[in-house]
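Each chain, written out:
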Amino acid sequence: MKIIILGGGESGVGAAVLAKKKGLEVFLSDRGVIKEHYKQQLQEEGIDFEEGVHSEERILAADWVIKSPGIPKKAPLIQKIKEKGIRLSSEIEFAAEFTDAKIVAVTGSNGKTTTTSLIYHILKNSGLNVGLGGNIGKSFAMQVATENFEYYVLEISSFQLDDIQHFRPYISLLLNLSPDHLDQYNYNYEEYALAKFRIAENQENDNYFIYNKDDEMSMKLLQELNLRVKKIPFSMKEKLDEGGYSMDENLVIKLREEFSMKVEDLALVGKHNVANSLAASIAGKLLNISNESIRNSLMTFQAVEHRLEEVAERDGVKYINDSKATNVNATYYALESMKRPVIWIVGGVDKGNDYSEIADLVKKKVKAVICMGLDNSKIISFFQGMKENIYDTSSMEEAVRTAKKLSQNGDTVLLSPCCASFDLFDNYEDRGRKFKTEVFK
């Protein structure tokens with residue numbers, strides 16, 4: 001079987017190594033430049049590859065193409081692969097075919113990384129033999145090739161779900177839905193939401209689907225879709241007979257046995273993190289983790305870098321790095337959890353954002369808006385009428401310098417950009433790290 005891997009990053013190289021280990025004929029192609037350490041890995045494994053070009057004739061002779069999630073599905077080469085009827089999969093789909101491990105798969109518009117990491121922490125803390133992967137950390141395929149885990153906790157994006165055929169996790173979680181990446185889904189929110197729901201489409205009634213009962217779009221699509229999986233809800237608004245909910249400052253899980261703990265004892269702060277903790281706890285209970293172990297894990301979990309990460313407090317001013325907030329809904333959660341006046345750094349590559357969702361929070365909590373991007377016109381024109389203090393900057397250095405000048409004792413400087421990072425930075429991690437560097441200057 002001829003396997004072609006498109007993309008020489010973390011997922012592509014992992015898939016190539018797995019294909020080689022399984023004795024398949026494999027060739028990796030990247031139209032860009034492959035990073036040196038990945039190139040070295042490919043050479044060490046004796047994997048044939050090319051960079052700076054896609055040799056179409058060779059690619060279109062494949063039996064199975066594994067595509068990096070970063071390659072747009074509208075790309076001409078992808079269209080040609082589909083027209084030829086060649087199987088096209090994500091690394092997630094490919095790797096899942098070669099493992100019998102139980103998979104817990106997490107998707108949603110916001111909170112994926114935090115919840116995935118939290119579930120991994122719960123399982124690891126309980127002594128299970130578990131790997132962490134997907135859209136986070138080490139490639140899932142590489143782990144299947146080189147490790148022997150009995151469980152995997154995977155963070156999965158809509159782009160990875162676009163390219164599945166048989167992927168069937170034991171437990172899937174859809175945390176929430178809000179408009180994101182609409183530029184890749186014909187600016188159609190429902191099309192994007194349906195891509196997320198693909199996480200459960202192959203699940204059967206011996207599997208579990210954990211969903212958010214408070215989420216309007218999730219509830220609408222659940223009524224329309226014919227899912228065979230056992231569905232378990234969580235809610236921040238109502239008591240449930242089965243599932244998880246938070247009421248009266250308590251977090252409660254009702255499954256085979258009841259689990260509860262005080263919200264104030266959670267390591268993570270903010271209402272959205274109570275919801276994430278509910279979802280993670282349900283997954284833990286479905287895997288028969290003890291109440292004591294779940295409680296201990298929820299109390300000891302360390303927050304994820306670039307997600308409401310407290311960087312420093314200097315001269316009475318708090319600096320918070322929420323660079324992972326690449327859509328409006330994520331920033332909504334960040335602003336909602338702020339207790340002090342906010343100097344807000346926002347901007348980047350707009351993905352069809354609707355800022356009206358956060359307008360009230362900005363009016364109430366933000367004292368100055370610092371726009372940071374190559375083109376800030378859309379953000380400036382939206383917030384101009386409601387905030388006098390709006391600043392236009394085009395670098396992290398300038399944005400943080402402006403924030404330092406404006407801030408006073410008791411304020412919070414919040415980097416929560418609402419946007420993708422690719423205009424000024426390599427990715428959201430690069431953006432977050434540069435923010436932290438500037439804070440300490």
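Up top is the structure.
Parameters at a glance
Residues numbered from 1 in each chain as written. Predicted model: local features only at pLDDT ≥ 70, side-chain atom pairs only at ≥ 80, totals over all residues. Heavy atoms only, no water. Salt bridge = Lys/Arg side-chain N within 4 Å of Asp/Glu carboxyl O. Helix = DSSP H or I, 4+ residues; strand = E, 2+ residues; numbered from the N terminus. Buried < 20%, exposed > 50% of the residue type's maximum accessible area, 1.4 Å probe, protein only. Pairing = 2+ DSSP bridges. Axes fitted to C-alpha atoms, helices over the stretch in contact; angles between N-to-C directions. Right-handed = clockwise from strand over helix to strand, strands pointing away. Phe/Tyr/Trp six-rings, centres within 6.5 Å; stacked < 30°, edge-to-face > 60°. Lys NZ or Arg CZ within 6 Å of the ring centre and 35° of its normal.

## A look at the pattern of salt bridges
Overall, the coordinates contain 28 salt bridges when judged by the stated rule. Lys-220 is paired through a salt bridge with Glu-190; the nearest N and O atoms lie 2.8 Å apart. Of this pair, Lys-220 sits in helix 10 (residues 216–224) while Glu-190 sits in helix 9 (residues 189–197), and the two are 30 residues apart along the sequence. By relative accessible area, Lys-220 is classed as partly exposed at 34%. Residues Glu-238 and Lys-213 are paired through a salt bridge, measuring 3.3 Å at the closest nitrogen-oxygen approach.

## Side note on the sheet that holds strand 19 (residues 390–393)
The 6 strands lie next to each other as 15-16-20-17-18-19, forming an open sheet whose pairing is mixed. Single-partner strands in this sheet number two, and they are strand 15 (309–314) and strand 19. Shown here is a sheet whose adjacent strand axes are inclined to one another by a mean of 20 degrees, direction ignored.

## Considering the pairing of strand 2 (residues 25–30)
Counting buried positions along strand 2 gives 5 out of 6 residues, so the element sits mostly inside the fold. By the bridge criterion, 5 bridges tie strand 1 (residues 2–6) to strand 2 in an arrangement that is parallel. By the bridge assignment for strand 2, Ile-5 is matched with Leu-28. Taking the sense of rotation as the criterion, the β-α-β connection linking strand 1, helix 1 (residues 10–21) and strand 2 turns out right-handed. Bridge count between strand 2 and strand 3 (residues 48–51): 4 bridges; the pairing is parallel. Residue pairing in the sheet places Leu-28 in a bridge with Phe-49 of strand 3. Chirality of the crossover, the property in question, places the unit of strand 2, helix 2 (residues 36–44) and strand 3 among those that are right-handed.

## With respect to the packing of aromatic side chains
Taken as a whole and judged by the stated rule, the model has 12 aromatic pairs. When the centroid spacing of 5.5 Å and the interplanar angle of 85 degrees are considered together, the rings of Trp-344 and Phe-383 count as edge-to-face. Remark: Phe-383 occurs in helix 15 (residues 377–383) and Trp-344 occurs in strand 17 (residues 342–346); sequence separation between them is 39 residues. Grouping residues by exposure puts Trp-344 and Phe-383 together as buried. One aromatic cluster is present, built from ring pairs that chain together Trp-344, Tyr-355, Phe-382 and Phe-383. It is Arg-58 that lies over the ring of Phe-27; its NZ or CZ is 3.6 Å from the centre. Taking NZ or CZ as reference, Lys-102 lies 4.3 Å from the ring centre of Tyr-170, over its face.

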